[in-house]
Amino acid sequence: TAVIVALAIIAVIVVSRLQAPATAAPSGSGEAINYAGQPTLGDENAPVQLAVFEDFKCPFCSQFEESVMPQLEREYIETGQAKLTFFNFHFLGPDSRTAALASECAFAQNPAAFWDYKTVVYRAQGPESQQWATSARLEELARDVGDLDAPALRACVDEERFADAVAADNDVARAAGVNATPTLFVNGEQVPSALDYASIKAAIDEALAQADPNPDQD
């Protein structure tokens with residue numbers, strides 16, 4: 001009986017871990033999010049503000065980048081209806097922090113190239129159980145982004161020049177109630193699942209309707 005109970009508890013923990021990115025409920029407030037100085041994609045005057053919290057080692061974040069992000073860009077960001085701000089939320093191991101540092105270094109070097117670098121890193125993502133995001137590997141990946149100085153990026157990472165910025169991102173995440181990655185907010189409201197584009201679209205469309213309740217009137 002004790003063995004059966006123990007196995008049941010383990011099963012519950014495993015299921016909870018796998019479902020966390022898709023089902024985590026907000027425990028803080030999106031009002032705690034400070035967007036100043038963060039990488040932001042889209043028209044600064046866009047009526048809808050999106051915020052995404054990610055860990056470069058998170059496989060669910062890689063899914064978000066591959067399947068959700070292109071749709072958001074095409075339908076809402078490139079059309080000027082929404083802007084998206086990125087935050088690091090590292091928690092999956094020491095090299096999660098290393099990758100977060102590299103992203104901050106890339107952003108400081110070239111804010112526009114940051115987005116290409118983020119894509120390159122996610123496409124090269126290794127197993128969550130391995131420490132693959134070393135400064136050497138992150139330098140190598142930076143060479144695939146034409147507007148980045150890869151050796152300078154590695155020096156920046158090794159010297160931890162943006163350690164405070166990475167820590168500040170985690171503080172923002174915790175204050176906003178983020179407890180899984182990826183987590184997406186639409187105008188300060190957390191969506192139930194950052195991997196369910198239909199629910200994200202519904203939240204954005206509702207925010208747009210609130211921003212312009214009479215779209216057919218001059």
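Residues numbered from 1 in each chain as written. Predicted model: local features only at pLDDT ≥ 70, side-chain atom pairs only at ≥ 80, totals over all residues. Heavy atoms only, no water.

### What to know about the pattern of salt bridges
Convention followed: In what follows, salt bridge is the name for a side-chain nitrogen of Lys or Arg lying within 4 Å of a carboxyl oxygen of Asp or Glu. Secondary structure elements are taken from DSSP: a helix is a run of H or I of four residues or more, a strand is a run of E of two residues or more, and numbering for both begins at the N terminus. Burial classification: accessible surface area is computed with a 1.4 Å probe over protein chains only, and a residue below 20% of its type maximum counts as buried, one above 50% as exposed, and the rest as partly exposed.
All told, the structure shown has 11 salt bridges when counted by the stated rule. The closest approach of N and O atoms between Lys57 and Asp95, which form a salt bridge, is 2.9 Å. Within this pair, whereas Lys57 is found in the loop between strand S2 (48–54) and helix H2 (59–77), its partner Asp95 is found in helix H3 (residues 94–109), the two being separated by 38 residues in sequence. Of the residues examined, Asp95 reaches a relative accessible area of 3% and is grouped as buried.

### Observations regarding unusual backbone geometry
Along the chain, Thr181 connects to Pro182 via a cis peptide bond; the corresponding omega equals -5°. For Pro182, the position within the fold is in the loop between helix H7 (163–175) and strand S4 (183–186). One non-glycine residue with positive phi stands out, namely Glu160, at about 50°. With respect to the helices and strands, the residue Glu160 is situated in the loop between helix H6 (150–158) and H7. Backbone geometry places Asn187, a non-glycine residue, at a positive phi of 50°. By secondary structure assignment, the location of Asn187 is in the loop between S4 and strand S5 (189–190).

### Re the environment of Glu104
We apply this condition: Whether two residues are in contact is decided by their heavy atoms: any pair within 4.5 Å suffices.
By the secondary structure assignment, Glu104 is in helix H3. In this structure, the C-alpha to C-alpha distance between Glu104 and Phe114, residues 10 residues apart in sequence, is 8.3 Å. Among all residues touching Glu104, those that are not within four sequence positions of it are Asn88, Phe162, Ala165, Val166 and Asp169.

### Here we look at the side chain of Asp95
Going by this rule: Pairs of N or O atoms are called polar contacts if they sit within 3.5 Å, as long as, within protein, a hydrogen donor faces a hydrogen acceptor (for residues adjacent in sequence, only side-chain-to-side-chain pairs).
Reaching out from Asp95, the side chain makes a polar contact with the side chain of Lys57 at a distance of 2.9 Å. Every residue in contact with Asp95, bar those within four places of it in the chain, is listed here: Lys57, Gln130, Gln131, Trp132 and Ala133.

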